[in-house]
Amino acid sequence: MESGGGVVDHLADERSKAQFDVDEMKVVWAGSRHDFELSDRISRLVASDPAFRKDNRVMMSRKELFKNTLRKAAYAWKQEEANKLRFYVDEPAFTDLHWGMFVPAIKGQGTDEQQQKWLPLAHRMQIIGCYAQTELGHGSNVQGLETTATFDPQTDEFVIHSPTLTSSKWWPGGLGKVSTHAVVYARLITDGQEHGVHGFIVQLRSLDDHMPLPGITIGDIGMKFGNGAYNTMDNGVLRFDNVRIPRDQMLMRVLQVTKEGKCVQSNVPRQLIYGTMVYVRQTIVADASRALSRAVCIATRYSAVRRQFGSQNGLETQVIDYKTQQSRLFPLIASAYAFRFVGEWLKWLYTDVTQRLQANDFSTLPEAHACTAGLKSLTTSVTADAIEECRKLCGGHGYLCSSGLPELFAVYVPACTYEGDNVVLLLQVARFLMKTVAQLPSGKKPVGTTAYLGLVEHLMQYRCGVQNAEDWLNPSVILEVFEARAARMCVNRAQKLGSFPNPDEGFAELSAFLAEAAVAHCQLIVVSKFIEKLQQDIPGGEGVKQQLRNLCNIYALNLINRHLGDFLSTGAISAKQASLANDQLRSLFSQVRPNAIALVDAFNYTDHYLGSILGCYDGNVYPKLYEEAWKDPLNDSVVPDGYQEYIRPMLKQQLRNARL
């Protein structure tokens, strides 16, 4: 069978085994038919345009790489639907921070007048912005930031200053070489009094010649992990030497400073700024599903192409047929779908939170904040580990840059740190859970994703009724087991915390223990949202729905297997029931096996977007690997540079004469 253009499809037999409509699953993955058609059209447009070539990225020097990224960003900006194009160009660039952080910060924290002044300029990219919060000495501890913004009532200006080396802004993407402006976070000081950390719009570079303005020291912080990868981004360093800005460039939606230097709380609730945080974190969860699905697409296709051992009739066994491969790979396919669906739900949550905030309803905000923090932590940690697991699933060839996996890993792992260190975020979730449990005796009803804690008395008494392996296919059984485990872990931690005379000391001592409860809570959220997805109208009929059921069950039962200590120690299940869960998991792997290639085809990624020879759609891996090897610059010459100076003298035993 040919996949187009006369190319033989080496995975045709695998695709013929599918027991569901792949095109309908593509619609499910995209979210709607409209979204599928739009993304399909734009991804193919990018793939067919030579301007967006990326297969040579890992061979470029840093300067070449950066200039190439500038060229692509400028070219994409000229096209229609530039925002969608940016995603499929698949290259970290200054535009990510401009649209993803700078613009939302002004929208969320600027007054109506400030938005009217700055947003049109930003939307037309007449100014290019970044988000300058993190410093050399402080990241997660925002209240520890050292940059100061001191109000001078004589001139009606703020003086932005970096008082120490560690107060240098460090890491903001787009800052190093491109941004003309930044939202800078600094300690507000008026009349000698500090008023916490606030945001200020600061121009950094001239709009005429791009030179740094007086008092500003600015540059790139240097090479980062991996070839290509995040080195397309100009993460920067920034220092201020008493830089003056007008008073109206402080973002004053929540707190205003008068001409006299008085701080006045506006009638806009401070909680509104959390809406931006929810938005940013829901996009990070969506990005996790994309990165994970790319990795599993590569690993799944290559596992079907690769054959090792067990030769019969001249053909060795496909690697994907080994149970050890399935037990590592198939839960990752399930996780990709699970994260996709919880990401869809987070989009709804953001809309809901925004509407409530506008109506001055803050009742669900603490829960939404904890939920998005936890899911950001969970999905990015799992995805980072999963990309590396996919590299190992591809054997030695997975280590080649041409596999696409090393660069994907290098470009993705910063997500575990930016927008909140993952461990710090889990501790925020744990603190919220402990507060929720402590309020239960007062009759305060938990909301949203913590609603199960309102049933804590039932869940503490719950006994799992599973008697055979098939019982584990009941979604209500799975859901209640996960609720019982999470509730019992929360109550257990709260009891231990209560034994400390000083709660803060107790929290510090039990922090690792508390983080485990936060993980259990977040895993429950993902499982519950997958189950909710299955209760919706899904296109494609029973075939599509059955595959999603299988993946949901694999996701949940694999978590039980991997966190068996939690489920057994809390008494949520028995050892016998754990054994039955493993039996059912193996059965599910067998059911997914004929559908594996079709399930990753449903992601609808072009070869250009995947950027992987091992994951190419037609499965023609070996000729492409061989051809790619000869493109390496080392193969430009048969005899390497350095032969005369170093190799020949060694071979001729003239090492003492070699030029070292």
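Conventions and cut-offs
Residues numbered from 1 in each chain as written. Predicted model: local features only at pLDDT ≥ 70, side-chain atom pairs only at ≥ 80, totals over all residues. Heavy atoms only, no water. UniProt positions renumbered as here; feature names shortened; annotations may be inferred. 1 Å grid on protein atoms, 1.4 Å probe; cavity = no way out; pocket = protein on both sides within 12 Å on 5 of 7 lines; lining within 4 Å. Points joined across faces, edges and corners; volume = space filled by probe spheres on them. Helix = DSSP H or I, 4+ residues; strand = E, 2+ residues; numbered from the N terminus. Nonpolar A, V, L, I, M, F, W, Y, C, P; charged D, E, K, R; others polar. Contact = heavy atoms within 4.5 Å. Phe/Tyr/Trp six-rings, centres within 6.5 Å; stacked < 30°, edge-to-face > 60°. Buried < 20%, exposed > 50% of the residue type's maximum accessible area, 1.4 Å probe, protein only. Lys NZ or Arg CZ within 6 Å of the ring centre and 35° of its normal.

- The name that an unreviewed UniProt entry assigns to the chain is Acyl-coenzyme A oxidase, with the source organism given as Linum tenue.
- The heading Sequence similarities (unreviewed entry) in the UniProt record of the chain holds the text "Belongs to the acyl-CoA oxidase family."
- Heading Cofactor (unreviewed entry) of the UniProt record for the chain holds this comment: "FAD".

### Some details on the layout of surface pockets
- As a volume, the second largest pocket reaches approximately 550 Å³.
- Along the walls of the second largest pocket sit 21 residues, with Val382, Asp385, Leu559, Arg562 and His563 positioned nearest its centre.
- When residues of the lining of the second largest pocket are assigned to their parent elements, the largest contribution, 7 residues, is made by helix α10 (residues 365–393).
- Its residues assigned to classes, the lining of the second largest pocket comprises 10 nonpolar, 7 polar and 4 charged.

### Here we look at the UniProt feature "binding site: FAD" (unreviewed entry) in the chain
- Per the UniProt record, the feature "binding site: FAD" (unreviewed entry) sits at Thr134 and Gly173. Over a stretch of 40 residues, the named residues converge on one spot in the fold, their C-alpha atoms separated by at most 10.6 Å.
- Mapped onto the secondary structure, threonine 134 falls in the loop between β1 (129–132) and β2 (148–152).
- Once residues lying within four places of it in the same chain are set aside, the contact partners of threonine 134 are Gly139, Ser168, Lys169, Trp170, Trp171 and Pro172.
- With respect to the element layout, glycine 173 can be found in the loop between β4 (169–170) and β5 (181–190).
- For glycine 173, the residues in contact, after removing those within four places along its chain, are Leu97, Cys130, Met233, Asp234 and Asn235.

### Notes on the packing of aromatic side chains
- Inspection of the entire model under this criterion finds 20 aromatic pairs.
- With 6.2 Å between their ring centres and 55° between their planes, tyrosine 337 and phenylalanine 341 make a pair best called tilted. Of this pair, tyrosine 337 and phenylalanine 341 both sit in helix α9 (residues 323–358), separated by 4 residues, roughly a single helical turn. Grouping residues by exposure puts tyrosine 337 and phenylalanine 341 together as buried.
- Taking the centre distance of 5.2 Å and the plane angle of 75° together, the rings of phenylalanine 482 and phenylalanine 567 count as edge-to-face. Note that phenylalanine 482 is positioned in helix α14 (residues 475–498) and phenylalanine 567 in helix α18 (residues 564–569), a separation of 85 residues in sequence.
- For phenylalanine 482, a relative accessible area of 0% corresponds to the buried category.
- Its guanidinium or amino end placed over the ring of tyrosine 609, arginine 294 lies 4.3 Å from that ring's centre, counting from NZ or CZ.
- We note arginine 493 situated over the ring of phenylalanine 513; from NZ or CZ to the ring centre the distance is 3.6 Å.

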